[in-house]
Amino acid sequence: MSEAGSSPGREVWIEKYRPQTLGDIKGHEDIVERLQSYIDQQDLPHLLFSGPAGVGKTTSATAIARAVYGDDWRGNFLELNASDQRGIDVVRDRIKNFARSAFGGYDYRIIFLDEADSLTSDAQSALRRTMEQFSDNTRFILSCNYSSKIIDPIQSRCAVFRFGPLSDEAIEAQVRETAAQEGIEVSEDGVEALVYAASGDMRRAINSLQAAATTGEVVDEEAVYRITSTARPEEIEAMVSTAIDGDFLAARSTLDTLITDVGMAGGDIIDQLHRSVWDFDLTQREAITLMERIGEADYRITEGANEQVQLEALLAALALDDA
Ligand SMILES: Nc1ncnc2c1ncn2[C@@H]1O[C@H](COP(=O)(O)OP(=O)(O)OP(=O)(O)O)[C@@H](O)[C@H]1O
């Protein structure tokens with residue numbers, strides 16, 4: 001076991017190492033700077049954070065609350081999930097109760113509403129009215145994956161921040177920092193694999209590091225690819241090149257291995273293919289054909305088509321194109 005093994009506690013590292021201040025957040029420099037200036041000027045508007053999972057939206061909201069309220073932040077910050085199965089009315093009741101309750105000397109309290117894009121337009125209209133009703137003493141921070149799913153009247157009342165996937169450098173920095181704090185040894189190829197498998201998602205990077213570290217051995221690329229069920233970029237490239245060379249059966253057999261042995265989901269293979277197209281050693285024409293096929297398969301899989309059939313069809317089309 002690692003040094004951390006002496007007091008493992010089973011604490012989840014994404015919580016243990018969640019940045020507490022805006023300054024500790026990796027990447028998103030321009031966003032952090034703008035948020036910090038709201039705090040410095042003591043002028044926080046309603047905020048809308050949009051972006052993929054695990055990139056720091058919730059973390060930024062809690063860091064703001066810590067900056068505004070110091071040690072009192074928990075009492076002045078309410079975190080709710082809009083997709084609460086008990087319905088939007090329960091969410092609204094909790095907002096109302098919180099917004100009406102006593103303050104302890106602060107001008108406003110902060111309500112963080114996660115997954116705001118899971119609300120129907122009607123529910124969002126109701127939320128907008130609630131926001132207006134309490135805008136004197138409440139600031140809302142809404143978080144969503146797609147800002148386009150948020151109705152205009154809400155968007156126009158918020159300062160909108162788009163959190164993109166984190167850069168490889170940001171992920172790498174956090175992985176190295178966390179490993180050092182836990183006394184975990186990670187090889188260089190292990191760091192590279194963690195960054196690759198995370199694909200911009202810091203939560204995934206840190207969870208993978210923690211999972212790989214439980215073996216007690218050096219975290220290397222082997223361990224990372226196994227634990228994250230990620231194919232090595234070379235395996236994906238080999239599958240594509242054999243298809244383009246016209247050897248459909250060999251390409252299909254690699255695909256089988258990825259699905260059965262590596263345990264990958266079809267959607268993840270599409271994702272990896274998409275990320276790697278321009279890294280492969282392909283002519284421009286081949287890369288474009290591959291992009292087209294990926295687009296088609298992605299669409300069909302999203303619409304509910306069988307993943308393996310779609311991926312095999314993609315490889316078959318590549319093999320035929322070359323024939
Ligand atoms: N930019 C970042 N810098 C450092 N750590 C980060 C960053 N973003 C995320 N993390 C780590 O990942 C964990 C999850 O991040 P967070 O809860 O902020 O994600 P999110 O963007 O709100 O995702 P979701 O939409 O799934 O709620 C954090 O607890 C933290 O450990």
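- For the chain, the name recorded in an unreviewed UniProt entry is Replication factor C small subunit, with Salinirubrum litoreum as its organism.
- Taken from UniProt, the Function (unreviewed entry) comment for the chain reads in full: "Part of the RFC clamp loader complex which loads the PCNA sliding clamp onto DNA."

1. What about the packing of helix 8 (residues 188–198) against helix 10 (residues 221–228)?
Part 1 of the reasoning: At a closest axis distance of 7 Å, the pairing of helix 8 and helix 10 adopts a crossing angle of 25°. As the angle between them shows, helix 8 and helix 10 are arranged roughly parallel. Across from D189, G190, A193, L194, Y196 and A197 in helix 8, the residues of helix 10 making contact are E221, V224, Y225 and T228.
Part 2 of the reasoning: In terms of residue class, the contact of helix 8 with helix 10 is built from six nonpolar, two polar and two charged.

2. Notes on the packing of aromatic side chains
Part 1 of the reasoning: Across all of its chains, the model carries seven aromatic pairs by this definition.
Part 2 of the reasoning: For the pair Y38 and F161, a centre-to-centre distance of 6.2 Å together with 85° between the ring planes defines the contact as edge-to-face. In this pair, Y38 is assigned in helix 2 (residues 29–40) and F161 in strand 5 (residues 158–162), connecting sequence segments 123 residues apart. No difference in accessibility class separates Y38 from F161, as the two residues are buried.
Part 3 of the reasoning: Here the aromatic cluster, defined as three or more aromatic residues joined through ring pairs, consists of Y38, F49, F161 and F163.
Part 4 of the reasoning: When the ring centre of Y196 is taken as origin, the NZ or CZ atom of R275, which lies over that ring, is 4.5 Å away.

3. Regarding the domain arrangement of the chain
Part 1 of the reasoning: Domain annotation of the chain identifies domain 1 (28–162), domain 2 (167–228) and domain 3 (233–322).
Part 2 of the reasoning: Computed over C-alpha atoms, the centres of domain 1 and domain 2 are 31 Å apart.

4. Considerations on the site of the ligand
Part 1 of the reasoning: Close to the ligand lie 17 residues, the nearest being I14, K26, K57, T58 and T59.
Part 2 of the reasoning: Between an oxygen atom of the ligand and a main-chain N or O atom of G56, the distance comes to 3.0 Å.
Part 3 of the reasoning: If the ligand stood free it would expose 630 Å²; the protein chains cover 93% of that surface.
Part 4 of the reasoning: Put simply, the ligand lies in the largest pocket.

5. Concerning the pattern of salt bridges
Part 1 of the reasoning: Following the criterion strictly, the structure yields 11 salt bridges and no others.
Part 2 of the reasoning: Salt-bridge contacts for R18 lead to E15; the nearest nitrogen and oxygen are separated by 2.9 Å.
Part 3 of the reasoning: In this structure R18 comes out as partly exposed when scored by relative accessible area, which is 26%.
Part 4 of the reasoning: A salt bridge links E222 to R232, with the nearest nitrogen and oxygen atoms 2.9 Å apart. Placement of E222 in helix 10 and of R232 in the loop between helix 10 and helix 11 (233–244) is noted, with a sequence separation of 10 residues between them.
Part 5 of the reasoning: Here the salt bridges do not stand alone but share partners, grouping E172, R176 and E188 into one network.

6. Considerations on the environment of K16
Part 1 of the reasoning: Structurally, K16 is set in helix 1 (residues 13–16).
Part 2 of the reasoning: Taking the C-alpha atoms as reference points, K16 and I301, 285 residues apart in sequence, are found 36 Å from one another.
Part 3 of the reasoning: For K16, the contacting residues outside a window of four places in its chain are E11 and E182.
Part 4 of the reasoning: Within the structure, K16 has its side chain in polar contact with the side chain of E182 (distance 2.6 Å).

7. Remarks on the sheet that holds strand 3 (residues 109–114)
Part 1 of the reasoning: Reading across the sheet, the five strands line up as 2-3-4-1-5 and stay open at both edges, with parallel pairing between neighbours. Looking at the sheet topology across the chains shown, the edges are occupied by strand 2 (77–81) and strand 5. For this sheet, the mean angle separating the axes of adjacent strands, direction not counted, is 15°.
Part 2 of the reasoning: In the sheet, strand 3 pairs with strand 4 (residues 138–144) via five bridges, with the strands oriented parallel. The residue of strand 4 that forms the bridge with F112 is I141.
Part 3 of the reasoning: Sitting on the sheet, helix 2 is in contact with strand 1 (46–50) and strand 5, with an inclination near 155° to strand 5.

8. A look at a negative patch on the surface
Part 1 of the reasoning: Residues D268, D271, D298 and E307 make up a contiguous surface patch of negative charge.
Part 2 of the reasoning: Tracing the sequence through the fold places D298 in helix 14 (residues 284–302).

9. A look at the packing of helix 11 against helix 13 (residues 266–276)
Part 1 of the reasoning: Put simply, helix 11 and helix 13 touch, their axes get as near as 10 Å, and they point 85° apart. With respect to their mutual orientation, helix 11 and helix 13 come out roughly perpendicular. Contacts between helix 11 and helix 13 involve I236, M239 and V240 on the former and, on the latter, I269, Q272 and L273.
Part 2 of the reasoning: By residue class, the composition of the contact of helix 11 with helix 13 is five nonpolar, one polar and no charged.

Cut-offs used in this document
Residues numbered from 1 in each chain as written. Predicted model: local features only at pLDDT ≥ 70, side-chain atom pairs only at ≥ 80, totals over all residues. Heavy atoms only, no water. UniProt positions renumbered as here; feature names shortened; annotations may be inferred. Axes fitted to C-alpha atoms, helices over the stretch in contact; angles between N-to-C directions. Helix = DSSP H or I, 4+ residues; strand = E, 2+ residues; numbered from the N terminus. Parallel < 35°, antiparallel > 145°, perpendicular 65-115°, else oblique. Contact = heavy atoms within 4.5 Å. Nonpolar A, V, L, I, M, F, W, Y, C, P; charged D, E, K, R; others polar. Phe/Tyr/Trp six-rings, centres within 6.5 Å; stacked < 30°, edge-to-face > 60°. Buried < 20%, exposed > 50% of the residue type's maximum accessible area, 1.4 Å probe, protein only. Lys NZ or Arg CZ within 6 Å of the ring centre and 35° of its normal. Domains from an automatic or database assignment. Near = heavy atom within 4 Å. Polar contact = N/O pair within 3.5 Å; in protein donor to acceptor, adjacent residues only side chain to side chain. Areas by Shrake-Rupley, 256 points an atom, 1.4 Å probe, with all protein chains shown as cover. 1 Å grid on protein atoms, 1.4 Å probe; cavity = no way out; pocket = protein on both sides within 12 Å on 5 of 7 lines; lining within 4 Å. Sits in = over half its atoms within 2 Å of the grid points. Salt bridge = Lys/Arg side-chain N within 4 Å of Asp/Glu carboxyl O. Pairing = 2+ DSSP bridges. Patch = residues over 30% accessible without salt bridge, like charges linked within 9 Å, V, L, I, M, F, W, Y side chains within 5 Å. Lys, Arg positive; Asp, Glu negative; His and termini not counted. Charge placed at Lys NZ, Arg CZ, Asp CG, Glu CD.

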